[in-house]
Amino acid sequence: MGITSALVLLAVIWWMTFLVVLPIKVKTQGDLGNIEPGTHSGAPEVHNLPKKAIITTVVSLVIWGVVSSIILFEIITLDDMDFFRFDSIIDDGTGG
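In this report, the structure presented in the accompanying data block is examined. (Residues numbered from 1 in each chain as written. Predicted model: local features only at pLDDT ≥ 70, side-chain atom pairs only at ≥ 80, totals over all residues. Heavy atoms only, no water.)

To describe a pair of aromatic rings, one takes the distance between the centres and the angle between the planes. Counting across every chain of the model gives three aromatic pairs. Relative to Trp15, the ring of Trp14 lies with its centre 5.0 Å away and its plane at 85°, an arrangement referred to as edge-to-face. Consider the rings of Trp15 and Phe18, whose centres lie 5.7 Å apart with planes at 85°: the pair is edge-to-face. One end of the pair is Trp15 and the other is Phe18, both in helix 1 (residues 3-21) and three residues apart, which spans about a single turn. (Phe/Tyr/Trp six-rings, centres within 6.5 Å; stacked < 30°, edge-to-face > 60°. Helix = DSSP H or I, 4+ residues; strand = E, 2+ residues; numbered from the N terminus.)

Time to look at helix 1. Compared with the 27 Å implied by 1.5 Å per residue over 19 residues, the 26 Å span of helix 1 between its first and last C-alpha is a close match. For helix 1, the set of buried residues is Ala6, Ile13, Thr17, Phe18 and Val21. Along the axis of helix 1, the buried residues cluster in a sector spanning 135°; they form a single face. Exposed residues on helix 1 whose side chains face more than 90 degrees from its buried face are Thr4, Met16 and Leu19. Of the surrounding secondary structure, the elements contacted by the buried residues of helix 1 are helix 3 (49-72). (Expected span 1.5 Å × (residues − 1). Buried < 20%, exposed > 50% of the residue type's maximum accessible area, 1.4 Å probe, protein only. Arc of directions from axis to C-beta. Contact = heavy atoms within 4.5 Å.)

Structure (structure tokens):
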């Protein structure tokens, strides 16, 4: 895995983790009873975005380290995954 591949993998894992962490502990305007005119009651009032970005970075670096190790040390390869073998898809006529 090259540097570019590693950075793209980190970016994808970071954004996926961020989208999972984003709705945690959100206090909406409806929860606090302070709804601004013209906004939805589900609009966030307190979102703790900097804290969530730090948590996302730490968690995603751990996940990235595990996934990168699996790729670099070839713990799981494409040969281990049957859905990448096209010869198993081809019908050999034996009916099995």
